[in-house]
Amino acid sequence: MRANILVVLLVLLVGIGASLLLIPRGGELALQKFRDRDYDSARAVYEERYAAGDRGGATVMPLTRLSLAQGDVERAIALTEEFIVAEPSSIEARELLNRLYQDAQRPGDYLENLTVLAELRHSADLYRELAYAAGFRNRMALKADALARYCALAPDDVEAQQELAALLAARGDHAGAVDRLLYADDRAQGNIGADSREMLMSLLIDLGRAEDAFGRARRWLGEQPTVAAMIGLASQLAAASRPDLGLRLIEPQVIGPQGTGRKPALALELTYIDLLIAADRREEARTRLSALSGPVEDTQFGRLLALALSAGQAQEALRAAKGRDLRLVPDWVLAGLAETALRDGDRPFLDRLHHELGEGFLVDYPVLAANIALGRGDADAAARWAERGLAGSALTLGDRLAVIRILDRAGRRAAASAAFDRLALSDSLSDDRSPGDQLPDDQLEELAALFIDLDRAPAGLDWFAARRQAKPSPAAYQGWARLAAKAGDPDAVADWLAAQPVLPAALLQDIAGSAAERAVADRRAAPLALVAAQRAFALDPSPRSRLAVAAAFTATGKPAEALPLLAPLLDQGGAEVEAAYIAALDGAGRSEELARHLTAKLAKGGLTDVEEQGIAYLLLDHKAYRAALPLLRVRAERLGGDWLAAYADAAAKANALPDLAALLQRQAVAAPLAEAEDSLYRGTLEKLGRKADLRRYLLARATDDRLPVERRREPASALLALGDKAGAQQALQRLAAAQGPQSDDFRQLAYLWGPRPPPAALDWLEVRAKAAAGPAEQAAWYDRLAELGGGARVTAGLVTQAGPPTQPALKAPYIEALASAGKGKELAVALRAALREETAPDRLRRYARLAEQTGQRTAAGEAWTALLAQKPEDADALRQLGMLAYDENRLADAERLLRRFTARGPDDYEAHYFLGEALTALKRPAAAAPFYRTALAQLRARGVRGDAAVLTEANLLNRLGKVDDAVALFESLRKRRPGDRQLKADYASMLIENGRLPEARRVLALP
């Protein structure tokens, strides 16, 4: 800012001679003082003349220059503005005001003045400058007007014409934009930019002047067009939704050479095919694609496949891709090829895609990617893609159902349920929704299945009832029947079935299965299950239908009739058949037959693990826990895992928990228990009330070196939860001894000790420090000892007959100990010794803070200086050294350091304030003003401010010449702190400084 003022001043001083004739004879003394650079005296004379009413140029112009010479830009602006009010047509004054607005960084005022100046001068350069300034301020109407005036004065500036056209088009004046572009194109003889060409063609087409657009394109091509030019213009016409014009444009070059036996360039041929597809002439496009012969270069191969897919030749594209480098193919084309391969069951091509390209090309096709992953047997990848698709917003409602089914098939039931619940299914019932939010009939069966599979049958029944009413269809009724059998009125479903003589067997089987399951709790569903099952069996006498009829007989209270149907199925086995047979035996009261059946299966031997598992769970399902225990115990000891969990559950229900505890205790002695077994053993001991055994087990586990460290921490916490603080400390001490004093284990141990650890804890820390392997480890332990109140122990341990420690690693804990003990002088000596070798910025920063805390300002300054040597732009060091320099009245140093700090743009009003104070003390108030303003803005931006901040604000207002505002703040402080003598003194000092002596006397209570 100051440099700009000086430049203006020099310019004005050069012209001072021309202004002499304007100065009245009475002002010769003022002019002489001006020449002698006695600006204060000269300005006083001119101010008197101005105050006396002399507002002519002979007074205003010198006074403006004198204000500038003394750095008072705002006064210069005010004078010039007032002069222009009287002389609005003064070009010289407006040009001066323009420069002043720029120096004062007042772009809005600059723009308004420039608008008037351009009108007065009627200069092309000024209109161009006005257009730029208006655009910068987002004044687009003004920019358009200025550009139009500029173009009228500079008609050969084709670039400006195009810029104006783009602006007019953006503002909706398409006709005006076209006129400008046509004019520019004619002036440039067809050489306007590509963007302007595209805009012109698009606007002409939008205005119904397609033939004009075509004519321009033909003109741009010339008599011997290049392939690139033809492709570019044809593509622009296609982009403007007129591929037919693009075809007309290049057809002579594509069709013509064929008549002469010459082939067009492949790139042009492919463009022609692309335009045929865009014009919905796909049969012609396929014909030309099929006619292409010979190998295609790599650069055109991807485009060729894309055209084949767009023309409906997916199979041909897939065959062409085999044996070629897939990296040449665009991602969307690869997705189309993958979808074709998935539909055709082409697993080798899918594997090749995954092996060579990974999955990145499918980023925009999550449903396809998930299905491909499932097709490749990768459930984790399928779930990951499905969740990515759900996280976006581009999927239709049908796609979202497909993705949810994929999640379910991939074993992510919870995620599938959550995603299903988030669907806006109620919105799909409205005809006002977008096509993507509608659900066609062919997807209703999938929706009904999801409602059932995800345990949302009641909600599904409501939805299908609404769908049946809003959009009746066979699919809607069948979906309703499936869900009503599961959660609705069985009688209503039975009535509907009676009215439907022909229904799919699969639907009848689903209804029978749901009704049979429901009949266990709701007997009304049993007749429905039987009717549906018998109809399904009549249509399809398969094992599934036979099993459904048997289950329905059992559900309707006729288990004896189910047994003959189930007997032929027993040899085929299966969990459902076994369950149905056992249920029928149980329902028929044939307990002995049931027992014989299970016993016979076990006696036969040769059972697989799955069969043994089935028998065990059958016993459990029928609550024969005591009978199941021997089998479960053997499998639990041999296999563990789920079998141990099953044994534990049975033992609890059979009142055999002591046997379970004995089993787990033997396993714990042999090897550390896994997490599940560990949790089970603890829970068993708790249920048995054996707390002493539990504490012993936890302590043994927490100190068992066979376990990794992370698995030994939790038992320590468990001991603490049991109230065994001593045991927890013992466990944590062992962990901390191995992991070091920076570990989480030590922090937890320190927390248990509390802020004043017992002597035994300090003894333990001291022992660890003395037993440390090296100086670095020893220093770390001594650091913790000092932090926890063992400073005296640290100094005693580190100080030898030769004096304080000399090893660099041990100096830090020694200094920390001195700080914690408040030994400032000793700390300063130790710190200076450490600074000779220390280079780590964090350690130097810590030393400086410790010195400040103990009142050792000189030592702190040395530490900050050392830090600044390592990090020349360290903000903390610059600030603290700058403040220290100010406090010590080293004003030049304070300015240098605080300038470097504030140049980083910190939100630190104190730094800006004291930099301003340093500059003020150096007799440079103009330079201090910006920093005062910044400090004031930052201070006011703060939320809650205390009295100290208010006092600082008052001082800032005083420095900025806003004395009345400063007085108001001082008065508010006096009311809150009437007895504060220092505040009263500061207030009075400010008043005296500003010559307000009566008010100062009042504040000081002087006569």
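As the structure is a computational prediction, the values presented were derived from the model and not from experiment.

### Observations concerning the overall build of the protein
Here is step 1: A count of helical and extended segments in the protein gives 60 helices and zero strands.
Here is step 2: Counting over 1007 residues, the protein shows a buried share of 45%.
Here is step 3: Sequence-distant contacts, at least 24 apart, represent 49% of the contacts inside the protein between residues at least 6 apart.
Here is step 4: Summing over all exposed atoms, the protein offers an accessible surface of approximately 50200 Å²; the carbon and sulfur share of this is 51%.

### Looking at a nonpolar patch on the surface
Here is step 1: On the surface, Ile992, Leu997 and Leu1004 cluster together into a nonpolar patch covering about 240 Å² of accessible area.
Here is step 2: Residue position: leucine 1004 is located in helix 60 (residues 997–1004).
Here is step 3: Residue leucine 1004 is classed as partly exposed on the basis of its relative accessible area, which comes to 35%.

### Details of the environment of tyrosine 697
Here is step 1: Position of tyrosine 697 among the secondary structure elements: in helix 42 (residues 691–702).
Here is step 2: Along the sequence, tyrosine 697 and arginine 682 sit 15 residues apart, while their C-alpha atoms lie 8.5 Å from each other.

### Some details on the environment of arginine 784
Here is step 1: Assignment of secondary structure puts arginine 784 in helix 47 (residues 775–787).
Here is step 2: A relative accessible area of 14% means that arginine 784 is categorised as buried.
Here is step 3: In this structure the C-alpha to C-alpha distance between arginine 784 and arginine 747, which are 37 residues apart in sequence, comes to 9.7 Å.

### Notes on unusual backbone geometry
Here is step 1: Even without being glycine, aspartate 455 reaches a positive phi, approximately 60°.
Here is step 2: Of note in this structure, lysine 923 is not a glycine but carries a positive phi near 65°.
Here is step 3: The residue lysine 923 is located in the loop between helix 55 (909–921) and helix 56 (925–941) in this model.

### Some points on the confidence of the model for the protein
Here is step 1: For the protein, per-residue confidence averages 78 on the pLDDT scale, and 88% of positions sit at 70 or higher.
Here is step 2: Mean pLDDT across the elements of the protein ranges from a minimum in helix 2 (residues 16–19), with 40, to a maximum in helix 54 (residues 891–902), with 91.
Here is step 3: Counted against residues more than four places away or in other chains, residues 1–27, with its pLDDT under 50, gives 30 contacts.

### Concerning the side chain of threonine 684
Here is step 1: As for its position among the elements, threonine 684 is in helix 41 (residues 675–688).
Here is step 2: By relative accessible area, which is 2% here, threonine 684 ends up buried.
Here is step 3: A distance of 2.8 Å separates a polar side-chain atom of threonine 684 from the backbone oxygen of leucine 680.
Here is step 4: When sequence neighbours within four positions are dropped, the list of residues in contact with threonine 684 reads Leu657, Leu660, Ala661 and Leu664.

### Describing helix 41
Here is step 1: Over its 14 residues, helix 41 extends 20 Å from the first C-alpha to the last, a length consistent with the 20 Å expected when each residue adds 1.5 Å.
Here is step 2: Restricting attention to buried positions, one finds in helix 41 the residues Glu677, Asp678, Tyr681, Arg682, Thr684 and Leu685. Buried residues in helix 41, looked at end-on, bunch into an arc of 160°, giving them a common side. Counted as exposed and oriented over 90 degrees from the buried face of helix 41: Glu675, Ala676, Glu686 and Lys687.
Here is step 3: In the core, the buried residues of helix 41 are packed alongside helix 39 (641–653), helix 40 (657–670), helix 42 and helix 43 (709–721).
Here is step 4: Just beyond helix 41, the residue with positive phi is glycine 689, at close to 75°.

### Side note on the packing of helix 27 (residues 444–453) against helix 28 (residues 457–470)
Here is step 1: One can describe the packing of helix 27 onto helix 28 by two numbers: an axis separation of 8 Å at closest approach and a directional angle of 150°. When the interaxial angle is binned, helix 27 and helix 28 end up roughly antiparallel. Along its contact with helix 27, which presents Leu444, Leu447, Ala448 and Phe451, the element helix 28 presents Ala457, Ala459, Gly460, Trp463, Phe464 and Arg467.
Here is step 2: Of the residues that constitute the contact of helix 27 with helix 28, the class distribution is eight nonpolar, one polar and one charged.

### Here we look at the pattern of salt bridges
Here is step 1: Under the definition given, this model contains 48 salt bridges.
Here is step 2: Measuring nitrogen to oxygen at the nearest pair gives 3.1 Å for the salt bridge that ties aspartate 510 to arginine 482. One end of the pair, aspartate 510, is in helix 31 (residues 505–519); the other, arginine 482, is in helix 29 (residues 474–487), with 28 residues separating them in the sequence.
Here is step 3: A relative accessible area of 30% means that aspartate 510 is categorised as partly exposed.

### Re the packing of aromatic side chains
Two descriptors summarise a pair of aromatic rings, namely the distance from one centre to the other and the angle between the planes of the rings.
Here is step 1: Applying the stated rule across the entire model yields eight aromatic pairs.
Here is step 2: Taking 6.4 Å as the distance between ring centres and 75° as the angle between the ring planes, the aromatic pair formed by phenylalanine 451 and phenylalanine 464 counts as edge-to-face. One end of the pair, phenylalanine 451, is in helix 27; the other, phenylalanine 464, is in helix 28, with 13 residues separating them in the sequence.
Here is step 3: Relative to tryptophan 496, the ring of tryptophan 480 lies with its centre 6.3 Å away and its plane at 80°, an arrangement referred to as edge-to-face. Here tryptophan 496 lies in helix 30 (residues 490–498) and tryptophan 480 lies in helix 29, a separation of 16 residues in the sequence. For the residue pair tryptophan 480 and tryptophan 496, the accessibility class agrees, reading buried in each case.
Here is step 4: The structure contains a cluster of three or more aromatic residues connected by ring pairs, namely Phe420, Phe451, Trp463 and Phe464.
Here is step 5: Taking NZ or CZ as reference, arginine 128 lies 5.4 Å from the ring centre of tyrosine 150, over its face.
Here is step 6: One cation-aromatic arrangement involves arginine 468 over tryptophan 480; the distance from NZ or CZ to the ring centre is 4.3 Å.

Reading the values: rules and limits
Residues numbered from 1 in each chain as written. Predicted model: local features only at pLDDT ≥ 70, side-chain atom pairs only at ≥ 80, totals over all residues. Heavy atoms only, no water. Helix = DSSP H or I, 4+ residues; strand = E, 2+ residues; numbered from the N terminus. Buried < 20%, exposed > 50% of the residue type's maximum accessible area, 1.4 Å probe, protein only. Contact = heavy atoms within 4.5 Å. Areas by Shrake-Rupley, 256 points an atom, 1.4 Å probe, with all protein chains shown as cover. Patch = residues over 30% accessible without salt bridge, like charges linked within 9 Å, V, L, I, M, F, W, Y side chains within 5 Å. Salt bridge = Lys/Arg side-chain N within 4 Å of Asp/Glu carboxyl O. pLDDT = per-residue confidence, 0-100. Polar contact = N/O pair within 3.5 Å; in protein donor to acceptor, adjacent residues only side chain to side chain. Expected span 1.5 Å × (residues − 1). Arc of directions from axis to C-beta. Axes fitted to C-alpha atoms, helices over the stretch in contact; angles between N-to-C directions. Parallel < 35°, antiparallel > 145°, perpendicular 65-115°, else oblique. Nonpolar A, V, L, I, M, F, W, Y, C, P; charged D, E, K, R; others polar. Phe/Tyr/Trp six-rings, centres within 6.5 Å; stacked < 30°, edge-to-face > 60°. Lys NZ or Arg CZ within 6 Å of the ring centre and 35° of its normal.

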